[in-house]
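Structure assessment
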Amino acid sequence: MTIDSIEDMQNLLAGQGYVCGRALATVGFLSLKLGRPLFLEGEAGTGKTEIAKAIAAALGRRLIRLQCYEGLDAASAVYEWNFAEQMIAIRTAEAAGGADRDLLRAELFTEDYLIERPLLQAMRPQPGGAPVLLIDEIDRTDEPFEAFLLEALSDFQVTIPELGTIKAPEPPIVILTSNRTREVHDALKRRCLYHWVDYPTFDREMEILHARVPEAAEALTREVVAFVQRLRGEDLFKRPGVAETIDWAKCLLALDVVALSPEVIADTLGAVLKYQDDIQRLQGTEAQRILDEARAGLEGA
Amino acid sequence: MTATYAPLPETDGRLPDNITHFARALRRAGLPVGPGRVADAIRAVQVAGFTERADFYWTLHACFVSRPEHRQVFAQTFRLFWRDPAFLEHMMAFLRPAVRGVQDEEQANPGAKRAAEALLDGQEREVPKPRDTPETEAVEIDIDASLTASSEERLRTLDFEQMTGAEMAEAKRMLARMTLPIRPILSRRTMARPGPLPDWRRTLRASLRRGGEITEFVTRKRRERPPNLVVLCDISGSMSAYSRAVLHFVHAVSNAKGQGWARVHAFTFGTRLTNITRHMDRRDVDAALRAAGAEAQDWEGGTRIAGAIRAFNRDWSRRVLGQGAVVILITDGLDRDPDGGLDKAMERLSLSARQVIWLNPLLRWDGFAPKASGIRAMLPHVTSFRAGHNIASLQGLAQAIGAARDAGDKPRYMAALRDQG
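Cut-offs and rules
Residues numbered from 1 in each chain as written. Chains lettered and ligands numbered in written order. Predicted model: local features only at pLDDT ≥ 70, side-chain atom pairs only at ≥ 80, totals over all residues. Helix = DSSP H or I, 4+ residues; strand = E, 2+ residues; numbered from the N terminus. Buried ≥ 20, exposed ≤ 12 C-beta atoms within 10 Å, placed from the backbone. Contact = placed C-beta atoms within 7 Å. Rg over C-alpha atoms; globule rule 2.2 N^0.38 Å. Domains from an automatic or database assignment. Axes fitted to C-alpha atoms, helices over the stretch in contact; angles between N-to-C directions. Parallel < 35°, antiparallel > 145°, perpendicular 65-115°, else oblique. Left-handed = near helix turned anticlockwise from the far one by under 90°. Nonpolar A, V, L, I, M, F, W, Y, C, P; charged D, E, K, R; others polar. Pairing = 2+ DSSP bridges. Expected span 1.5 Å × (residues − 1). Arc of directions from axis to C-beta. Core = buried A, V, L, I, M, F, W, Y, C linked by C-beta atoms within 7 Å. pLDDT = per-residue confidence, 0-100.

So, about the overall build of chain B. The helix and strand inventory of chain B stands at 19 helices and nine strands. Among the 421 residues that make up chain B, the fraction classed as buried is 35%. A separation of at least 24 residues holds for 76% of the contacts in chain B among residues at least 6 apart in sequence.

With that out of the way, let us pick up the overall build of chain A. Scanning chain A from terminus to terminus reveals 15 helices and nine strands. For 301 residues, the compact-globule formula gives about 19 Å, and the C-alpha radius of gyration of chain A, at 24 Å, lies well above that figure. Counting only C-alpha atoms and orienting by the principal axes, one finds that chain A spans roughly 85 × 45 × 35 Å. Within the span of chain A, comprising 301 residues, buried residues form 37% of the whole. Of the contacts made within chain A by residues no fewer than 6 positions apart, 78% connect residues no fewer than 24 positions apart.

The domains assigned to chain A are domain 1 (6-70 + 118-197), domain 2 (79-112) and domain 3 (202-300). Each of domain 1 of chain A and domain 2 of chain A has a C-alpha centre, and these two points are 36 Å apart.

The axes of two packed helices give the description: the angle between them and the distance between them. Residue and element names in this part refer to chain B. Relative orientation of the contacting elements helix α1 (residues 15-28) and helix α4 (residues 70-81) amounts to 135 degrees, with a least axis distance of 10 Å. Between α1 and α4, the angle falls in the class oblique. Seen along the crossing, α1 lies across α4 with a hand that is right-handed. Between α1 and α4, the contacting residues are Phe22, Ala25 and Leu26 on the first element and Phe74, Thr77 and Phe81 on the second. Classifying every residue of the contact of α1 with α4 gives five nonpolar, one polar and no charged.

In spatial order, the strands read β1-β3-β2 (chain B); together these three strands make up an open sheet with antiparallel pairing. Only two strands of the sheet have a single neighbouring strand rather than two, namely β1 (185-191) and β2 (197-198) of chain B.

This part is about the environment of Arg310 of chain B. Residues and elements named next belong to chain B. You can see Arg310 is positioned in helix α14 (residues 305-315). Spatially, the C-alpha atoms of Arg310 and Ala296 are 18 Å apart, while their sequence positions differ by 14 residues. The contacts of Arg310, once residues within four sequence positions are left out, are Gly341 and Ala345.

Listed as interface residues are 40 residues of chain A and, on the opposing side, 35 residues of chain B. The leading source of residues in the side of chain A that touches chain B is helix α2 (residues 22-34) of chain A, at eight residues. Class assignment for the residues of the side of chain A that touches chain B results in 18 nonpolar, six polar and 16 charged.

All names here are of chain B. What the six strands build is an open sheet, ordered β6-β5-β4-β7-β8-β9; its pairing is mixed. Looking at which strands have only one partner, the edges of the open sheet turn out to be β6 (273-275) and β9 (384-387). Each strand of the sheet is rotated relative to its neighbour by a mean of 20 degrees, with strand direction disregarded. Pairing of strand β5 (residues 264-269) with β6, which is carried by three bridges, proceeds in the antiparallel orientation. By the bridge assignment for β6, Thr268 is matched with Thr274.

Right, let's talk about helix α15 (residues 285-300) of chain A for a bit. All names here are of chain A. The end-to-end C-alpha distance of α15 is 22 Å, a good match for the 22 Å that 16 residues give at a rise of 1.5 Å each. Among the residues of α15, those classed as buried are Ala287, Ile290, Leu291 and Ala294. Buried residues of α15 fall within an arc of 100 degrees about the axis and therefore sit on the same side. Turned more than 90 degrees away from the buried face of α15, the exposed residues are Thr285, Ala296, Glu299 and Gly300.

A few words on the nonpolar core. One finds Ile175, Leu193 and Phe227 of chain A together with Ala41 of chain B to be the most contacted residues of the largest nonpolar core, which totals 98 residues. In this structure, Ala41 of chain B is in contact with Ile19, Ala23, Leu60, Cys63 and Phe64 of chain B, ignoring residues within four places of it in sequence. Membership of the second largest hydrophobic core comes to 63 residues, among which are Ile235, Ala245, Phe249 and Ala296 of chain B.

Residues and elements named next belong to chain A. Contact geometry for helix α10 (residues 202-212) and helix α12 (residues 242-254): axes closest at 10 Å, N-to-C directions at 50 degrees. With respect to α12, the element α10 is oriented oblique. Between α10 and α12 lies a crossing of right-handed hand. Between α10 and α12, the contacting residues are Glu205, Ile208, Leu209 and Arg212 on the first element and Val242, Thr245, Ile246 and Ala249 on the second. Along the lines of polarity and charge, the residues of the contact of α10 with α12 split into five nonpolar, one polar and two charged.

What follows is about unusual backbone geometry. Residues and elements named next belong to chain A. Phi at Glu137 takes a positive value of approximately 55 degrees, unusual for a residue other than glycine. You can see Glu137 is positioned in the loop between β5 (132-136) and α8 (143-155). Residue classification places Glu137 among the partly exposed residues on the basis of 18 C-beta atoms within 10 Å. For Arg180, which is not glycine, the phi torsion reads 60 degrees and is therefore positive. With respect to the helices, strands and loops of the structure, Arg180 is situated in the loop between β8 (173-178) and α9 (186-190).

All names here are of chain A. Compared with an ideal rise of 1.5 Å per residue, which puts twelve residues at 16 Å, helix α3 (residues 48-59) spans 18 Å between its outermost C-alpha atoms and is within 8% of the ideal. Among the residues of α3, those classed as buried are Lys48, Ile51, Ala52, Ala54, Ile55 and Ala56. Just downstream of α3 lies Gly60, where phi reads positive at about 70 degrees.

Take the confidence of the model for chain B next. Interpreting fine coordinate detail is not advised for predicted regions of low pLDDT. All names here are of chain B. Summing up the model confidence of chain B, the mean pLDDT is 72 and the portion of residues at 70 or higher is 67%. Throughout residues 1-7 the model reports pLDDT below 50, and contacts reaching past four residues in sequence, or to other chains, amount to seven contacts. Taken as a whole, residues 95-156 scores under 50 in pLDDT and shows 45 contacts with residues more than four places along the chain or in a different chain. The ipTM value of the predicted complex is 0.74, and its pTM value is 0.76.

The following block contains the structure:
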């Protein structure tokens, strides 16, 4: 499938059940066309990781995911030598009596003993074309890894001292996500197309729920979305994302709920709010008030 | 992200010129837009085409914006520029001092501002009128008051006494002597030093030098890194004697890279929370303090500790407390917040931070009274509590922070609180 316009991009993602606005589609389209990494920042649960999955599935490319964490180093991100295998090879050579130094070295540091980690895998040709490389939650790593990434992503090549330089025949589609638990350095952002993924509007969230939880009744979906949209306006420590809305709708579906009530909300609130302070805020009449407001808003529309 | 580009395709239109001008306007509005980004933007617009204004907007947005807080400035600049570039040129002259007030202030001599205010008799500067635009249109275009410095909101800013040479020397001594009250954080990253972790790679390479015989087992150990520091400083009237020393301290540790704390974030609060981190990054301590004094609007006013900490939890804690940060809270704990809720806010803060150290300069043992409800609410949620220290000087402050290894005076005061019921 070729993508020649922003509409194509939107349709492509919609085909995978990923509903996105024109803005995000534009940025995604540009990223594919210009071969630039896409830097998505936003609150947790707004669909940043999902878009990588959707693009990979729609284009029939392999998705390679690098989950970042504090202290992530080259051994777990790029490559590592398989030392156990190398030891065995040394012992075998010794037992056979021919432990020639140069020969041993040439044999030990070959691709047979190389364990490829996500970044190196992404540089390799893959069936179906260049893979989608998802570097998830980059804000969790530290600055040294960011600096390393800067180099790897500008040339799409990795140097292994014992083997030489491995260069991607075709640059992978790179998507970086950040929850903004710290600021990622501007040098890295500058090389990417930036987009802040915001909470969706009421209509868009309805579309998302139709695509993701099609079994849910229309009336319930409307109430759920209206309630969550109201909730985002409250003074909460963590506002619920789209992922929470989808989870909640699925929970309500599993419980055979047809309409929201304060009791149902109290029972299932754990699917939407993940902090005890926030859940406590909504105890008692507070849930009833928000539900009433949400319903009033629905009738007004 | 390849570095080599084909030369820009020839276009007959004036679009590349306009995009370049637009980028200049953005740069003057404070966005970090370099020439590389301009080339990208032109290329991106050519790829995306511009059949629709919204597409054009988002295409440029993707290329020029890299921080959420820049989105507003971008939106405003876009709206003004693509309506009439010539008008914007004029407007920038008016907008600049507000948007980039920081840089401008740096060049101003101390006192120059007051002199100007005195001469102008507190009058507002007049908006420069655009050259070619008729008056009616200028009225129709609502000038973004949000970007201008608002005089109504200026409750009180502060001019600090400049730092003397002796104080400068003392700050250096303080930094050299300061001991940190926290253990460094063990990173998952390792380094080539003798330690408990095996270093297979170097072991194998060493053995290869001997034809495959393993003669020594090389090990690694985990690297340690200093935690980030977040300083929350009370600048209400009752704390006024201490704010200068505290800001000097924050400035000194912010600029002592690699000597203790990794990153330093600083906030002031009185009736509202103000982030002064970027001012503290300046090399010159007087300029930094002047900027901070002008930024925070609530110097020596009332105190709303609960509201300030709630605001910090909501807007900043996830962004600055992420990587094992230590919080230093400098306040007298006399909360005047009508809404209350201090204990909830403090609990949330202590759950998000690795350690909360509270320095209370005003509280002394003999003056301790049970009616201080703020103290009652805050004390259970701090890791370490220091009272009655002389932190009006840099040295006293560094000592107090350095001594916060244990719970400090917390057990004593907690016991007193229990006795009082």
